[in-house]
Amino acid sequence: MPLKLILIAIFASVNFIQAQTKADIVLHNGPVYTVEDDQLWARGIAIWGNQIRAVFSDDSEAADYIGPDTKVIDLAGRLALPGFIDAHTHFAGFAEQQQDIMLMRVDSDEGLIAELERVVPLVGEGQWITGGQWSGAIQWDAGLGEIDEGKRVRWRPNRRTIDSITEKNPCFLSSYDRDLHLANTAALRAAGLEAAKLEGMELEDGVPTGLIHRGSPALARLRAVVKPKSQERILNEYRTGLRLLAEMGIVEFHDMFRGFDHIERLLILQEAGELTARIWERPWLDLSEQMYERGLKMGMHPATKERDFFFRYGGFKSANDGMLGSRGAMLFQVYADRPDYKGHYQEYNSDAPRPGSLIGNPQVFYEYCKAAVEHGFSVDSHAIGDRGISEVIDVLERIHEDLDADMSMFRIIHAEIVQPREFDRMKALNLIAETNPSQLPDDMRWLRARLGSERVKLAFPFRSFIDKGIVMSFGSDVPGNAGAIFFNHPKYVLNAAVNRTNEKGEPAGGWQPQHKISMAEAIKAFTLNAAYACLREDRVRGSIKVGKLADIAVIDRNILAEPEMVLEMNVDLTIVDGRIVFER
C-alpha cells in the first residue's frame, strides 16, 4: 500500500478514536454531589449516550472529553446531583389537575370564573368539564382537618355565573363532599333538565339555578349523558404533567394505576419520544389476576415484555387502612378526639362488602400476598396507623416463613405512626419504608388533636428508619385529595424531611426536631434508595458513577452546605437517560 494511503488510514483511525473519547454532554466547573460513598464530591461529569462515562475531580479534566459536537454545560458553581425519584405518585390525577378544573381553593363566583377562563381554552370545544371538588382545601384549612357540619360555610354557585364562559362546554361540577353539584345550561340541556323541577334541584323564579343536592334524581340523568374525555385531551394532560416533572428535576416517578388504558396512553407518548421520565408503574392489587393472565412481571416493559429500566411494571399497591385526617388510620388505642374509634380496615385486609370496614380479616391480605409472591411480585402496602402497620408486618412475616420469600422489595407506604418495636421487625424482613415527607406540613397542624401529646411523638419517624438501617425512599403522593394539596417539587419534600417545616418555614426549629435527618440522607432517600426499591436498580442508576445511567439534576444552590435555604432552590437543568429534557 502506498505510504500516502497508509498515513491517511492512520490519521482516520486516530480521529475515530479521538471522536470516541469525546463526550456527548459534559458538565463542569461546579460541585457534583454523587451520593456515592467512595467519591461523594466531584467537579464534572462526562456522558456518552445514556451513560455516565467519566466523573472527574479537577476542572482541568473537562477538556479531555470536549469535542466539536459536545454539549458543554458550565455549572458556574451550581450543584449537580442525581435526578430526583418520586416514589409515590398518582400521575394521571396530578396531570389532570394542571389541565382540568381545579376548585379545591375556590369558594366564590370570582374564583370559579377565573378557573373556568383558564380551563376552557385547554380542553377543547364540546368537551365536558366535570368534578372540581370546590372548597375542599379551604374547608380543610379552616377546620384543621376537622371537616364537619359545624365548620362548613356553603357557597352556592349559579349556572348564570358561568354560562357565558362555558357555552360550548357542558359543566357538571361538584363540591369536595359531593353534597352539592353545579350544572351549566349546556349540561342541563344535554340531560333534558333545562326546565325540570325535580327534587333536590334548586329553583329561582321556577327555573333551575343549576345547583343540585345529593340524592336528587337529576344527578343520575346528568351522569348518564356525561361524555368521557377524548384521548387527545388526556394525552395533553399527561404531556403537561411530564413537562412539570422535568422542570422539577424529577427523572422518575413510581405510579399507581387501576386500568390498562393508562398504560396504553403512556406507550403512545413513549413511541412518539415524549416520555421524559422513567416510570415504575404499580397496579392496584385488584388487578393481580389480570396481570397474571397476561403474563406480566415486575421490571417488564408493558409492550416488549423485556426487562427495562425506563418504563416497566412494579409491585402491586394495596390499601390496608385509612388516613389520619379522616380518622381512618388504624390505631391500637382510640383517637384522642374520638374516644369511641380506632380507625378502619380497607379492602385488602377485610372481607367486608365495602372498603372502610371495622371488620378485618388478615387472611384476605395473606392470600393476595401469597399469590403475588408465587407470581414474582412484591406488594406495597398503604399503612398509616400503628395498628395498620403492625398488622401488615404480621402478614408479611407469615409470608416470609411459609414461602421462604425474599421480602426486601416489599414496601410499607406512608408508615406514619410507628411503634418502636416495629422498626426491628421491618429491618428483619428488609422491608422498605416508602415515606411521604410532603404530607408532614399539613398533618402537623392537627396530629396532636388526633393522637394526643405522647403518641404524636411517633409521627414521621425519618430519623428512626435511618438509625435502624431500614431503606427509606421518598414520595410526594401527588395530587393529594379534597382535603390537602401535596407538593411534589423536591424543595418541599426535602425541606419537610430535613427542616420539618411548612413552605413558610414554620414552626421555627422544626416540628418534632428529634426526627430530623441530614440533607445528605434526604437526597439519598430521594435518589439512590428509590432506585434500589425497583428490583435493586441502584446498581445501574440513582447516583453519579461511571457506568450508571445518566439521570442528573442541576440546581442553583448548594443545598448540602445550606440546608436551611432549600425552599429557595430552583432547578436549572434536568437530564434523563442522557437526554436534556429541561433547561431553564
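Note that the coordinates shown come from a computational prediction; the quantities given were computed from them, not determined experimentally.

**Q** Can you break down the environment of E401 residue by residue, with the values?
**A** With respect to the helices and strands, the residue E401 is situated in helix α11 (residues 386-403). Here E401 falls in the exposed class, since its relative accessible area comes to 62%. With 142 residues separating them along the chain, E401 and G259 place their C-alpha atoms 33 Å apart.

**Q** Let's hear about unusual backbone geometry: which residues, and what values?
**A** A cis amide bond links V478 with the next residue in sequence, P479, at an omega value of 15 degrees. Cis geometry marks the peptide bond from E506 to P507, where omega comes out at -5 degrees. Mapping P507 onto the fold places it in the loop between α16 (490-498) and α17 (519-525). Despite not being glycine, H414 shows a phi value in the positive range, around 80 degrees. Within the fold, H414 resides in strand β17 (residues 411-414). Of the residues examined, H414 reaches a relative accessible area of 5% and is grouped as buried.

**Q** Mind laying out the side chain of H88, listing which residues take part and the relevant values?
**A** With respect to the secondary-structure elements, H88 resides in strand β6 (residues 84-89). When neighbours within four sequence positions are excluded, H88 is seen to be in contact with H254, M256, R282, K317, I413, H414, E434, N436, G475, S476, D477 and V478.

**Q** Could you give an account of the layout of surface pockets, naming the residues involved and the relevant values?
**A** Counted as a void, the second largest pocket has a volume near 310 Å³. Where the lining of the second largest pocket is concerned, the elements lending two or more residues are α4 (136-143) and α13 (440-443). For the lining of the second largest pocket, the element with the highest residue contribution is α4, accounting for three residues. Its residues assigned to classes, the lining of the second largest pocket shows six nonpolar, three polar and seven charged.

**Q** Please set out α11 residue by residue, giving values where relevant.
**A** With 18 residues, α11 extends 26 Å between its outermost C-alpha atoms, agreeing within 8% with the 26 Å of an ideal straight helix rising 1.5 Å per residue. Along α11, the positions that sit buried rather than exposed are D386, G388, I389, S390, E391, V392, I393, V395, L396 and I399. Buried residues in α11 make contact with α10 (362-374), β16 (379-383), β17, α12 (420-429) and α14 (447-455). The first or second residue beyond α11 is D404, which carries a positive phi of 50 degrees.

**Q** Please give an account of the pattern of salt bridges that cites residues and values.
**A** A side chain with one charge can pair with a side chain of the opposite charge if their charged atoms come near. If you walk through the whole model with that rule in mind, you get 49 salt bridges. Ionic pairing is found between R421 and E422, a salt bridge with its closest N-O pair at 3.5 Å. E454 is the salt-bridge partner of K457, the closest N and O atoms lying 3.2 Å from each other. With a relative accessible area of 40%, K457 lands in the partly exposed category. Owing to a relative accessible area of 54%, E454 belongs among the exposed residues under this scheme. The structure contains a network of salt bridges with shared partners spanning E96, D100, K229, R233 and E237.

**Q** Summarise the environment of I359; cite the residues concerned and give the values.
**A** In this fold, I359 is placed in the loop between β15 (316-319) and α10. With 15 residues separating them along the chain, I359 and H344 place their C-alpha atoms 7.7 Å apart. Those residues in contact with I359 that sit more than four places away from it in its chain are Y345 and S350.

**Q** Outline the side chain of N184, supporting the account with residue identities and numerical values.
**A** As for its placement among the helices and strands, N184 is situated in the loop between β9 (180-183) and α5 (185-190). You can call N184 buried: its relative accessible area is 0%. At 2.9 Å, the side chain of N184 and the side chain of T166 are in polar contact. Leave out the neighbours within four places in its chain, and N184 touches R159, I162, D163, T166, N169, P170 and C171.

**Q** How would you summarise the environment of G210 if you had to cite specific residues and measurements?
**A** Topologically, G210 is positioned in strand β11 (residues 207-213). For the pair G210 and E194, spaced 16 residues apart in sequence, the C-alpha separation works out to 8.6 Å. Those residues in contact with G210 that sit more than four places away from it in its chain are R159, H181, L182, A183 and L188.

**Q** Can you break down the state of the cysteines residue by residue, with the values?
**A** Under the counting rule described, the total for this entry stands at zero disulfides. Free cysteine: C369, not disulfide-bonded; nearest cysteine sulfur from C534 at 18 Å. Note on C369: relative accessible area 0%, which makes it buried.

**Q** Residues and numbers for the sheet that holds β15, please.
**A** Two orientations exist for strands paired in a sheet by backbone hydrogen bonds: parallel and antiparallel. The parallel open sheet is built from five strands, whose spatial order is β15-β16-β17-β18-β19. Of all strands in the sheet, those bounded by a partner on one side alone are β15 and β19 (472-474). Here the average twist between neighbouring strands, direction ignored, is 25 degrees. Here three bridges tie β17 to strand β18 (residues 432-435), and the two strands are oriented parallel to one another. What sits directly across from R411, in β18, is I432. Docked against the sheet, α10 engages β15 and β16, running at close to 155 degrees with respect to β16.

**Q** Tell me about the confidence of the model for the protein chain, residues and numbers included.
**A** Looking at the protein chain, pLDDT values average 94 and 95% of them are 70 or higher. Confidence drops under pLDDT 50 across residues 9-19; counting only partners more than four residues distant or on other chains, this segment forms zero contacts. Confidence over residues 147-151 falls short of pLDDT 50; this stretch has eight contacts with residues more than four positions distant or in other chains.

**Q** Which residues make up the packing of aromatic side chains, and what are the values?
**A** Enumeration over the complete set of coordinates arrives at 21 aromatic pairs. Between Y292 and F377 the ring centres are 6.1 Å apart and the planes differ by 50 degrees, which places this aromatic pair in the tilted class. With Y292 in helix α9 (residues 288-293) and F377 in the loop between α10 and β16, the pair connects residues that are 85 residues apart, well separated along the chain. The same class applies to Y292 and to F377, which are both buried. Arranged with centres 6.2 Å apart and planes meeting at 65 degrees, the rings of F474 and F526 form a pair that is edge-to-face.

**Q** Describe in detail the packing of helix α2 (residues 91-99) against helix α7 (residues 231-247), supporting the description with residues and values.
**A** Between α2 and α7, whose axes approach to 8 Å, the crossing angle comes to 100 degrees. The orientation of α2 relative to α7 falls into the category roughly perpendicular. On α7, the residues touching F91, A92, F94, A95, E96, Q98 and Q99 of α2 are N236, E237, Y238, T240, G241, L242, L244 and L245. Of the residues contributing to the contact of α2 with α7, the split by class is eight nonpolar, five polar and two charged.

**Q** Please provide a residue-by-residue account of the sheet that holds strand β13 (residues 278-283), values included.
**A** Pairing is parallel in the open sheet, where four strands are placed in the order β6-β12-β13-β14. Either end of the sheet is taken by a strand with one partner, and the two such strands are β6 and β14 (311-313). The average undirected angle you get between the axes of adjacent strands in this sheet is 15 degrees. Across four bridges, the pairing between β6 and strand β12 (residues 250-257) is parallel. By the bridge assignment for β12, T89 is matched with D255.

Cut-offs applied
Residues numbered from 1 in each chain as written. Predicted model: local features only at pLDDT ≥ 70, side-chain atom pairs only at ≥ 80, totals over all residues. Heavy atoms only, no water. Helix = DSSP H or I, 4+ residues; strand = E, 2+ residues; numbered from the N terminus. Buried < 20%, exposed > 50% of the residue type's maximum accessible area, 1.4 Å probe, protein only. Contact = heavy atoms within 4.5 Å. 1 Å grid on protein atoms, 1.4 Å probe; cavity = no way out; pocket = protein on both sides within 12 Å on 5 of 7 lines; lining within 4 Å. Points joined across faces, edges and corners; volume = space filled by probe spheres on them. Nonpolar A, V, L, I, M, F, W, Y, C, P; charged D, E, K, R; others polar. Expected span 1.5 Å × (residues − 1). Salt bridge = Lys/Arg side-chain N within 4 Å of Asp/Glu carboxyl O. Polar contact = N/O pair within 3.5 Å; in protein donor to acceptor, adjacent residues only side chain to side chain. Disulfide = S-S within 2.5 Å. Pairing = 2+ DSSP bridges. Axes fitted to C-alpha atoms, helices over the stretch in contact; angles between N-to-C directions. pLDDT = per-residue confidence, 0-100. Phe/Tyr/Trp six-rings, centres within 6.5 Å; stacked < 30°, edge-to-face > 60°. Parallel < 35°, antiparallel > 145°, perpendicular 65-115°, else oblique.

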